[in-house]
Amino acid sequence: MASCRISNVRELVAIVCGLLTAIILGLGIWRTVVRIQRGNWVPIPGLPYGFCKNGGTWQNGRCICPEEWKGLRCTITNFCENSTYEGFTFARIPVGRYGPSLQTCEKNTPNAGFPKATRLCNLTMFGEIELQNATMGNCSETLKSLEDQIVDISNKSGNISSAAQILTSDANKLTAENISSATMVVAQIFNSSQNATPEAKEVAVTTVSQLLDASEDVFQRAAAVDKNNIFGMLIQNMENYSLSLDNGSVVVPNIAVQSVKLSPNNTVGFEGIRFSVGKGASDFLTPSSTQIDSNANGLNPEGQTELQILLNISKADTTACGFVMFQNNKLFQSKIFRPRSNFNQRVISGSIETSDSEKRASVEMVFNPKHNQKQFDLHSYACVFWNVTKEDWSTVGCFKERRTDGFLHCHCNHTTNFAVLVSFRKIYKYPASLDVLSTVGCALSIAGLALTIIFQIVTRKVRKTSVTWVLVSLCTSMLIFNLLFVLGIENSNKNLKMSDINTNNTGTDNDEIPTTDIVNTPNPMCTVMAALLHYFLLATFTWTGLSAAQLYFLLIRTMKPLPPHFILFISVIGWGVPAVVVSLTVGILYSQNGSNSQWELDYRQEEICWLAVPESNGFITSPFLWSFIIPVAIILISNVVIFVIITVKVLWKNNQNLTSTKKVSSIKKILSTLSIAVIFGITWILAFLMLVDNDDIRIILSYIFCLFNTTQGLQIFILYTVRTGIFQREASKVMKSLSSSAERVKSVPLFRKPKLRVRMYNMIRSFPTPKEHFRLLEPSVVTEEMTLSESDQANSSI
């Protein structure tokens with residue numbers, strides 16, 4: 001009875017201490033979370049909270065409005081309201097665009113799904129918004145059939161141009177074949193030999209603008225099958241069209257065409273014609289965005305200038321100047337420069353018409369590329385022109401001029417289509433070094449795992465059993481992962497300064513054309529580190545799954561003995577399967593884009609050397625999902641199922657044949673349950689719970705996750721090494737030796753309290769001894785009063 005009372009007191013004290021520890025730990029975590037939240041909620045400097053309305057975003061000191069709104073705060077309407085016309089219904093239409101009807105062609109027609117009509121929302125000469133009459137289409141007319149009608153369009157150019165505009169009004173539905181056919185149609189409308197009407201050509205400008213809303217991929221596929229250089233034909237015909245407007249202009253959302261008519265005289269000298277494009281409230285062009293100046297002395301860019309071009313022409317023989325400004329370079333499909341982002345690489349065409357065959361002119365330009373200065377830095381740029389012979393960009397005859405006014409300056413000695421091909425480098429927010437919680441947790445886990453491995457190997461003869469291979473393999477993979485995590489998770493690029501990265505890239509001596517618009521600083525070592533972390537963490541989870549499977553067969557299926565070559569079989573799975581997954585993932589990504597360093601960021605993050613977490617729209621096809629999330633989820637789900645089965649059927653199963661004095665105590669059951677939970681990696685479920693949208697809950701779960709999983713190695717050491725009888729006996733000997741040495745050095749009075757070492761010795765003695773029941777590490781002898789000997793045998797084989 002006395003021993004039972006002592007045992008009950010010990011259990012009560014242990015429970016109370018555990019509860020107090022949990023409460024103190026919880027309060028500490030909550031206090032830390034509150035402090036972090038209060039410290040992080042600081043308004044971003046220069047960003048007026050709620051200043052931009054109606055979906056506008058604050059960028060580079062101003063509101064960037066959606067196309068439907070304009071003004072300083074995006075509060076002025078720039079659209080036509082919902083309307084109806086002759087039975088057709090139209091939704092809201094932005095100014096300058098044709099809106100498609102909600103009524104579409106029937107399924108049994110060639111144009112199934114395309115709108116039956118379009119309607120233009122435009123500004124009057126007084127600046128008022130008004131709707132034009134709707135233009136009806138033909139559901140039997142396709143872009144391919146229109147292409148067959150362009151042999152002679154002089155009498156029907158208006159109908160063909162309107163039909164092409166209606167069929168291209170929804171850029172999301174356009175295919176590569178649609179792009180090719182529509183380009184051929186409008187190219188012939190602009191062809192001066194076809195004698196199309198001015199109205200048809202103006203509508204054709206709108207059609208080209210609508211084409212430029214299609215995706216870059218569609219244009220690339222269309223260019224890949226283009227054998228007739230239809231894009232080049234359209235560009236050339238639009239240049240000629242820009243010379244025929246007699247001081248007129250056509251401005252649509254993605255294209256601006258401006259013409260200047262000149263009267264040549266016999267005066268010797270040059271005259272400057274300047275064409276300017278200013279920043280608007282949105283990313284699209286409006287009639288007020290452009291400006292033409294004759295007799296200009298030079299460039300005069302201001303803060304709102306987006307692009308300026310100055311043609312220095314001869315006064316004696318120049319009869320006209322023409323400008324065409326494209327909002328993006330999708331018509332200029334280059335084999336050298338391949339954009340990967342949504343940055344608009346604007347193209348400006350400057351053309352002259354002279355009374356003689358020789359065209360003498362020089363060109364000066366300034367560009368102010370649009371980009372979010374908080375997210376991207378200018379990396380390099382090149383002043384280029386479109387070489388119609390090579391059908392690609394070239395720098396011949398163009399050069400940079402370094403200025404300090406924030407604009408990109410270019411000079412060329414000829415007229416054609418010009419652009420500044422710009423590459424940017426993303427500004428990454430590299431995280432700070434590991435915090436104290438992660439560092440201490442990983443250090444304790446590394447020490448615990450190393451001691452556990454040594455203990456399992458050194459004491460195999462004393463324990464009269466072979467090395468517990470599954471446990472040693474699990475600890476080894478976890479130990480290597482923790483070491484790599486502490487030493488290599490940080491990307492060394494965080495220590496590079498922008499001046500080191502961008503040196504000479506924007507200088508006047510560097511005329512190299514960039515290959516893409518987003519440039520990354522390669523770091524192969526970080527990629528290797530990410531692959532190693534990927535492998536060893538997958539191996540860790542694989543070994544937890546193998547541990548669960550082994551316990552299931554031993555305890556539930558009572559498979560005794562295990563199949564021959566079992567150790568070899570599970571070793572191939574535990575170390576081989578993760579290697580196959582990582583190798584396939586890296587190999588596939590490298591084969592797709594190995595010539596470009598971008599493949600590294602398809603696999604890993606730049607902020608840390610770990611797997612890349614893609615945006616929501618690309619998550620389904622991401623390697624992070626298929627090579628990590630899904631395998632880990634399958635393993636964890638199977639581990640949880642086996643954990644519940646073992647817990648219910650073995651660990652907490654009561655044997656009615658045992659007397660109350662012989663039943664296993666609840667403390668031992670809890671410790672045994674925790675032992676299996678730690679080996680099975682059950683706490684990693686918190687990683688999936690951290691996907692919740694609530695930031696407060698996610699922060700709390702992240703701290704709990706960090707606490708449990710960074711100390712997983714320490715938990716294994718306590719539950720699978722400290723609790724063993726051999727460790728306790730050896731620890732007792734060490735404590736006795738230390739205590740005896742201390743007593744010989746200094747005599748301790750009898751009335752004084754025991755030293756810390758003696759109290760620790762007494763505490764260790766209170767742990768379950770090898771003779772007690774329900775031990776999951778050491779094999780035990782099956783007795784008549786033991787109901788859990790199966791678990792003992794299982795754990796001796798782990």
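Residues numbered from 1 in each chain as written. Predicted model: local features only at pLDDT ≥ 70, side-chain atom pairs only at ≥ 80, totals over all residues. Heavy atoms only, no water.

Undergrad: Is there a simple way to explain the overall build of the protein chain in this structure?
TA: Of the regular secondary structure elements, the protein chain holds 21 helices and 25 strands. Looking at the 798 residues of the protein chain, the share that counts as buried comes to 47%. Sequence-distant contacts in the protein chain: of pairs separated by 6 or more residues, those separated by 24 or more amount to 71%. Here the protein chain has roughly 40,600 Å² of accessible surface; of this, 59% comes from carbon and sulfur atoms. (Helix = DSSP H or I, 4+ residues; strand = E, 2+ residues; numbered from the N terminus. Buried < 20%, exposed > 50% of the residue type's maximum accessible area, 1.4 Å probe, protein only. Contact = heavy atoms within 4.5 Å. Areas by Shrake-Rupley, 256 points an atom, 1.4 Å probe, with all protein chains shown as cover.)

Undergrad: How should I be thinking about the state of the cysteines in this particular structure?
TA: One covalent bond between the sulfur atoms of two cysteine residues makes up a disulfide. According to the stated counting rule, one finds seven disulfides in the structure shown. Put simply, Cys52 and Cys63 are joined by a disulfide, and their sulfur atoms are 2.0 Å apart. Across the disulfide from Cys52 to Cys63, rotation about the S-S bond amounts to roughly -90 degrees, and the bridge is consequently left-handed. With Cys52 in the loop between α1 (2–40) and β1 (57–59) and Cys63 in strand β2 (residues 62–64), this residue pair connects regions lying 11 residues apart in the sequence. Overall, the relative accessible area of 4% leaves Cys63 in the buried class. (Disulfide = S-S within 2.5 Å.)

Undergrad: What's the story with the pairing of strand β13 (residues 249–252) in this structure? I'm lost.
TA: Along any regular strand the residues' side chains alternate between the sheet's two faces. Residues of β13 alternate between two faces, with Val250 and Val252 buried on one and Ser249 and Val251 left unburied on the opposite face. Sheet topology note: the β13/strand β14 (residues 255–261) ladder contains four bridges and is antiparallel. Bridging across to β14, Val251 finds its partner in Ala256. With antiparallel pairing between neighbouring strands as the criterion, β13 and β14 make up a hairpin whose turn holds two residues. (Pairing = 2+ DSSP bridges.)

Undergrad: Whenever I open this one, unusual backbone geometry confuses me. Can you help?
TA: Among all residues except glycine, the phi angle is most often negative; among peptide bonds, the trans geometry is most common. For Cys74, which is not glycine, the phi dihedral falls at a positive 60 degrees. Within the secondary structure layout, Cys74 lies in the loop between β3 (69–70) and β4 (76–77). Positive phi outside glycine occurs at Glu391, with the angle close to 55 degrees. Looking at the secondary structure, you find Glu391 in the loop between β21 (376–387) and β22 (392–394). Overall, Glu391 belongs to the partly exposed group, its relative accessible area being 33%.

Undergrad: Help me out: how do you make sense of the pattern of salt bridges in this one?
TA: Should the charged atoms of two oppositely charged side chains come close, the side chains can pair. Tallied over the entire structure, the rule returns eight salt bridges. The closest approach of N and O atoms between Asp293 and Arg274, which form a salt bridge, is 3.5 Å. Taken together, the positions of Asp293 in strand β16 (residues 290–293) and Arg274 in strand β15 (residues 270–278) put the pair 19 residues apart, joining distant regions of the chain. A salt bridge links Arg346 to Glu306, with the nearest nitrogen and oxygen atoms 2.5 Å apart. Of the two residues, Arg346 sits in the loop between β18 (318–326) and β19 (347–354) while Glu306 sits in strand β17 (residues 305–314), which places them 40 residues apart along the sequence. For the residue pair Arg346 and Glu306, the accessibility class agrees, reading buried in each case. (Salt bridge = Lys/Arg side-chain N within 4 Å of Asp/Glu carboxyl O.)

Undergrad: How should the side chain of Asn254 be read in this particular structure?
TA: With respect to the secondary-structure elements, Asn254 resides in the loop between β13 and β14. A polar contact is formed between the side chain of Asn254 and the side chain of Asp213, at a distance of 2.8 Å. Sequence-distant contacts of Asn254, that is, excluding residues within four places in its chain, are made with Arg97, Ser209, Leu212, Asp213, Phe284, Leu285, Met325, Phe326 and Gln327. (Polar contact = N/O pair within 3.5 Å; in protein donor to acceptor, adjacent residues only side chain to side chain.)

Undergrad: Explain a nonpolar patch on the surface here, please?
TA: On the surface, a cluster of nonpolar side chains totalling about 260 Å² of accessible area is made up of Val436, Val440 and Leu444. Structurally, Leu444 is set in helix α8 (residues 436–458). Residue classification places Leu444 among the partly exposed positions, given a relative accessible area of 37%. (Patch = residues over 30% accessible without salt bridge, like charges linked within 9 Å, V, L, I, M, F, W, Y side chains within 5 Å.)

Undergrad: I'm lost on the sheet that holds strand β25 (residues 417–426) in this one. Help?
TA: Across a sheet, strands are paired by hydrogen bonds formed along the backbone, either parallel or antiparallel in direction. With antiparallel pairing, the seven strands of this open sheet are ordered in space as β13-β14-β18-β19-β25-β21-β22. Each edge of the open sheet is held by one strand with a lone partner, namely β13 and β22. Going across the sheet, the axis of each strand differs from the next one's by a mean of 25 degrees, ignoring polarity. As defined by bridge partners, β21 adjoins β22 across three bridges and the pair is classed as antiparallel. Bridged to Phe385 within β22 is Ser394. (Axes fitted to C-alpha atoms, helices over the stretch in contact; angles between N-to-C directions.)

Undergrad: What's the story with the sheet that holds β15 in this structure? I'm lost.
TA: Taking strand neighbours across the sheet as the criterion, the six strands line up as β16-β15-β17-β20-β24-β23 in an open arrangement whose pairing is antiparallel. Edge positions in the sheet fall to β16 and β23 (398–401), since each of these pairs with one other strand and no more. Geometrically, the sheet is characterised by an average inter-axis angle of 15 degrees between neighbouring strands, direction not taken into account. Here β15 runs beside β16; their pairing, made up of four bridges, is antiparallel.

Undergrad: What is the right way to read the nonpolar core from this model?
TA: What tends to happen in soluble globular proteins is that the nonpolar side chains get buried as a cluster. Ranked by internal contacts, the top residues of the largest apolar core, which has 55 residues, are Ile179, Phe190, Met238, Ile255, Phe326, Leu331 and Trp393. Element by element, the count of residues in this core is highest for helix α4 (residues 176–190), at nine residues. For Phe326, the contacting residues outside a window of four places in its chain are Leu212, Met238, Asn254, Ile255, Leu331, Phe332, Arg346, Val347 and Asn417. Counting 34 residues, the second-largest nonpolar core is a separate cluster that includes Leu262, Ile273, Met325 and Phe424. (Core = buried A, V, L, I, M, F, W, Y, C linked by side-chain atoms within 4.5 Å.)

Undergrad: Any chance you could explain helix α14 (residues 623–651) here in plain terms?
TA: Quick reminder: α-helices carry 3.6 residues per turn. Residues three or four places apart thus point the same way. Under the 1.5 Å per step criterion, the end-to-end length of α14 is 39 Å for 29 residues, consistent within 8% with the ideal 42 Å. Helix geometry: α14 is bent most strongly at Ile629, by close to 30 degrees, with proline Pro631 lying one to four residues after it. (Expected span 1.5 Å × (residues − 1). Bend = angle between axes of the 7 residues up to and from the residue.)

Undergrad: What's the story with helix α12 (residues 566–593) in this structure? I'm lost.
TA: Taking 1.5 Å per residue, 28 residues should reach 40 Å; α12 reaches 41 Å between its end C-alpha atoms and fits that length. The largest bend in α12 is about 30 degrees, located at Gly576, with the proline Pro578 one to four residues further on. Taken together, the buried positions of α12 are Phe566, Ile570, Ser571, Gly574, Pro578, Val582, Thr585 and Leu589. Elements that come into contact with the buried residues of α12 comprise α9 (469–488), α11 (524–556), α13 (598–603) and α14.

Undergrad: Before we go on, may I ask you to explain the confidence of the model for the protein chain in this structure?
TA: For residues with low pLDDT, the predicted coordinates do not support detailed interpretation. Per-residue pLDDT for the protein chain averages 78, and the proportion of residues at 70 or more is 77%. Here helix α20 (residues 756–765) stands out as the least confident element of the protein chain, with mean pLDDT 41; strand β7 (residues 88–90) is the most confident, with 95. Counting contacts from residues 1–46, a segment whose pLDDT is below 50, to residues more than four positions away or on other chains yields 18 contacts. (pLDDT = per-residue confidence, 0-100.)

Undergrad: What should I look at first to understand the packing of α11 against α14 in this one?
TA: Helix packing geometry: the angle between the two helix axes and the distance between the axes. As a packed pair, α11 and α14 sit with axes 9 Å apart at the nearest point and diverge in direction by 25 degrees. One way to sum up the angle between α11 and α14 is to call them roughly parallel. For the element pair α11 and α14, the recorded crossing hand is left-handed. Residue classes in the contact of α11 with α14 are distributed as 18 nonpolar, six polar and one charged. (Parallel < 35°, antiparallel > 145°, perpendicular 65-115°, else oblique. Left-handed = near helix turned anticlockwise from the far one by under 90°. Nonpolar A, V, L, I, M, F, W, Y, C, P; charged D, E, K, R; others polar.)

Undergrad: Where do I start with the side chain of Thr207 in this structure?
TA: Checked against the element boundaries, Thr207 lands in helix α5 (residues 198–211). Sequence-distant contacts of Thr207, defined by excluding residues within four places in its chain, comprise Ser161, Ala164, Gln165, Thr168 and Val186.

Undergrad: How should the packing of α9 against helix α18 (residues 712–722) be read in this particular structure?
TA: Their axes nearest at 10 Å, the elements α9 and α18 cross at an angle of 155 degrees. By the angle class used here, α9 and α18 are roughly antiparallel. Where α9 crosses over α18, the two elements pack in a sense that is left-handed. On α18, the residues touching Leu471, Cys475 and Met478 of α9 are Gln712, Gly713, Ile716 and Tyr720. By residue class, the composition of the contact of α9 with α18 is five nonpolar, two polar and no charged.

Undergrad: Can you walk me through the packing of aromatic side chains in this structure?
TA: Where two aromatic rings form a pair, the distance of their centres and the angle of their planes describe that pair. Counted by the stated rule, this structure contains 16 aromatic pairs. Seen from their ring centres, Trp610 and Phe628 are 5.3 Å apart, and the 90 degrees between their planes marks the pair as edge-to-face. Taken together, the residues span a long stretch of sequence, with Trp610 in the loop between α13 and α14 and Phe628 in helix α14 at a distance of 18 residues. The exposure class of Phe628 is buried, given its relative accessible area of 9%. Taken together through their ring pairs, the aromatic side chains of Phe326, Phe332, Trp386 and Trp393 make up a single cluster. Across from the ring centre of Phe284, 4.9 Å away, lies the NZ or CZ of Arg97, which sits over that ring. For the cation-ring pair, Lys400 lies above Tyr381, with the distance from its terminal atom to the ring centre recorded as 4.5 Å. (Phe/Tyr/Trp six-rings, centres within 6.5 Å; stacked < 30°, edge-to-face > 60°. Lys NZ or Arg CZ within 6 Å of the ring centre and 35° of its normal.)

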